[in-house]
Amino acid sequence: MNFDTVKYKANYYLFLLLAFIIPLDSKLIPPIIILLFVSSLLNGSFKFKEKKGILALALLYVTYVVGLIYSSNLKYGLFDLEVKLSLLLFPLVFFISKIEMKTVADNILNSFIDGCFVASILSLVSAAIQYYLYSNINSFFYGELALYGHSSYMALFLCFSSALIYIKNIKQGNKISFPKKDLFLLALFSLIIFFLVSKTGIISILLIHFGFIGYLIIKNKLYLKGTVALVLISTLLFAGYKAFPEVNNRFNELFNTVFSESKELNSTSSIRTAIWKTSLNILTEHPFGVGTGDVKDVLVENYVKSGLDYAAEKELNAHNQFLQIALATGILGLLVLMIMIFYPLYYAIKNKHIIYMVFLGLIIINFLTEAMLETLAGVVFFAFFNTMLYITFVQNKNLISK
């Protein structure tokens, strides 16, 4: 085996390893990214013609760098740039690496699914042990179940994996009768999302199930079989909603926040709504942003003025990525993020690049309720898969064909 083959395989397996680790321990992600970057340099190709547009994805990171220039809190600003470094590194990695993403993308996505499966099993085992030791049923719900991070992020990972399973089977020409392994994974991931009690995650997985099953019903004219599947899923979800107070309470909070005239901040939904209002007020006063380093300080200061003591104490972000980047870098940063998401989404829909469509759709839904680029897990997931799917897109390779 010559050195070129060793370099290529090392680079390739590090891509697989990173995809596998993303749903697991975030502490392992930085060293793997460093190794991936180094291996990409060693396995680099300098024929960049078909990849030239990929570096445009790094503009989002540039806006945060610009936002640091007019920041007072440089310490926090530099830390924030460190967290978001993947926004710069992954465009460089995919730009340099000799590996043809259109030939290995499916393997990388399958590795991510495997990582989600391992994370799910380990989370359930950990919850079972905690329940055995302390007899606390909450071990199986919300943040207690999310062994490797926030419940919203784990729910997002499992939603994306579920969509990938559907797409893989549709690509292979399967009807609603999927292989038992895939049916088990869909059931497992849906169960975990349900127990995570992430409102955004539950809404997303419902859209995925009903969307893909509806597509299969129409395409294959399996109206009876498909309707039975939808009714079964709906019945199980309703039964779970009624059976588990944890789930029931979370959605009741959401409904009360949306339809009640009460101004009391007695739920996560109502607090989040108040945070959005405060963020919009700040943005009105600072349309060009308050600076990458100062955004947290300004938010906390305004939380105190608005009487949002809990948000101030926890130093919460805007819980909306579009608002968060606008607060930090102004309208310019928001515009860059919008173009970065909606421009490829338009062409993904036009060219029927189903995986990229679903990925960007999930990103938009989650960006509306979480500032996902403020944490390592969120920014790595977005930067890695957005860059990989973009490059397969520009190489004119649809990951699903009819």
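Report follows, based on the coordinates. Keep in mind that this is a model prediction, so the values were computed, not measured.

### With respect to the overall build of the chain
Step number 1: Regarding its fold elements, the chain presents 18 helices and 0 strands.
Step number 2: For the chain, buried positions account for 53% of its 402 residues.
Step number 3: Counting contacts in the chain only where the partners sit at least 6 residues apart, residues at least 24 apart contribute 76% of the total.
Step number 4: In the form shown here, the chain has an accessible surface area of approximately 19200 Å², with 66% of it arising from carbon and sulfur atoms.

### Considerations on the packing of helix α8 (residues 151-171) against helix α18 (residues 376-394)
Step number 1: Between α8 and α18, the least distance of the axes is 10 Å, while the angle of their chain directions is 25 degrees. In terms of axis orientation, α8 runs roughly parallel to α18. For the crossing formed where α8 meets α18, the hand is left-handed. Between α8 and α18, the residues in contact are Y153, L156, F157 and F160 and A377, G378, F381, F385 and L389, respectively.

### Some words on helix α4 (residues 74-83)
Step number 1: Among all positions in α4, only Y76, G77, D80, L81 and V83 are buried. Taken down its axis, α4 places every buried residue within 155 degrees of arc, on the same side. Exposed side of α4, more than 90 degrees from the buried face: K75, L78 and E82 are the residues found there.
Step number 2: Where α4 is buried, its residues contact α3 (59-69), α14 (295-306) and α18.

### Remarks on the packing of aromatic side chains
Pairs of aromatic rings are described using the distance from one ring centre to the other and the angle between the two planes.
Step number 1: The full count for this structure, using the stated rule, is 27 aromatic pairs.
Step number 2: Between the aromatic rings of F112 and F157, the centroid separation amounts to 6.1 Å while the plane-to-plane angle is 80 degrees, which identifies the pairing as edge-to-face. Here F112, found in helix α6 (residues 101-134), pairs with F157, found in helix α8; they are 45 residues apart in sequence, far enough to count as distant.
Step number 3: A relative accessible area of 0% places F112 in the buried class.
Step number 4: On the basis of relative accessible area, F157 is assigned to the buried category, the value being 5%.

### As for the pattern of salt bridges
Step number 1: Overall, the coordinates contain 7 salt bridges when judged by the stated rule.
Step number 2: Across the salt bridge formed by K171 and D106, the nearest N and O atoms sit 3.0 Å from each other. Of this pair, K171 sits in helix α8 while D106 sits in helix α6; the two residues are 65 residues apart in sequence, bridging distant segments of the chain.
Step number 3: Of the residues examined, D106 reaches a relative accessible area of 34% and is grouped as partly exposed.
Step number 4: Linking K296 and E315 is a salt bridge whose minimum nitrogen-to-oxygen distance equals 3.4 Å. A residue pair is termed long-range when its members are at least 10 positions apart, and K296 in helix α14 and E315 in the loop between α15 (309-314) and α16 (321-350) qualify at 19 residues.
Step number 5: Judged by its relative accessible area of 24%, K296 is partly exposed.
Step number 6: Judged by relative accessible area, E315 falls into the partly exposed class, the value being 43%.
Step number 7: Beyond isolated ion pairs, a larger network of salt bridges with shared partners links D80, K84 and E374.

### What to know about the packing of α6 against α18
Step number 1: Running from amino to carboxyl end, α6 crosses α18 at an angle of 150 degrees, the nearest separation of the two axes being 9 Å. One way to sum up the angle between α6 and α18 is to call them roughly antiparallel. α18 is crossed by α6, and the crossing has left-handed handedness. In contact with M101, K102, A105, I108, L109 and F112 of α6, α18 contributes F381, F384, F385, M388, I391 and T392.

### Some remarks on unusual backbone geometry
Step number 1: Unlike most non-glycine residues, E315 shows phi in positive territory, near 50 degrees.
Step number 2: At K352, a residue that is not glycine, the phi angle is positive and equals roughly 55 degrees.
Step number 3: In this structure, K352 sits in the loop between α16 and α17 (354-367).

### Focus on the nonpolar core
Step number 1: With 108 residues, the main nonpolar core has L60, F112, F160, F359, F381, F384 and F385 as its most contacted residues.
Step number 2: Broken down by element, this core gets its largest block of residues, 14 residues, from α8.
Step number 3: Setting aside anything within four residues of it in sequence, one finds L60 in contact with L87, I325, G333, V336, L337, M340, L373 and F382.
Step number 4: Formed by 21 residues, the second largest nonpolar core is a distinct cluster that contains I271, I282, Y303 and A328.

### With respect to the environment of I355
Step number 1: Relative to the helices and strands, I355 resides in helix α17.
Step number 2: Under the relative-accessibility criterion, I355 is labelled buried at 4%.
Step number 3: Separated by 187 residues in the primary sequence, I355 and K168 place their C-alpha atoms 9.6 Å from one another.

### A few points about the side chain of S204
Step number 1: Relative to the helices and strands, S204 is located in helix α10 (residues 199-220).
Step number 2: Overall, the relative accessible area of 2% leaves S204 in the buried class.
Step number 3: Residues within four places of S204 in sequence aside, it is in contact with C159, L362, I365 and N366.

Cut-off values and rules
- Residues numbered from 1 in each chain as written.
- Predicted model: local features only at pLDDT ≥ 70, side-chain atom pairs only at ≥ 80, totals over all residues.
- Heavy atoms only, no water.
- Helix = DSSP H or I, 4+ residues; strand = E, 2+ residues; numbered from the N terminus.
- Buried < 20%, exposed > 50% of the residue type's maximum accessible area, 1.4 Å probe, protein only.
- Contact = heavy atoms within 4.5 Å.
- Areas by Shrake-Rupley, 256 points an atom, 1.4 Å probe, with all protein chains shown as cover.
- Axes fitted to C-alpha atoms, helices over the stretch in contact; angles between N-to-C directions.
- Parallel < 35°, antiparallel > 145°, perpendicular 65-115°, else oblique.
- Left-handed = near helix turned anticlockwise from the far one by under 90°.
- Arc of directions from axis to C-beta.
- Phe/Tyr/Trp six-rings, centres within 6.5 Å; stacked < 30°, edge-to-face > 60°.
- Salt bridge = Lys/Arg side-chain N within 4 Å of Asp/Glu carboxyl O.
- Core = buried A, V, L, I, M, F, W, Y, C linked by side-chain atoms within 4.5 Å.

Coordinates in, geometry out; function isn't part of it.
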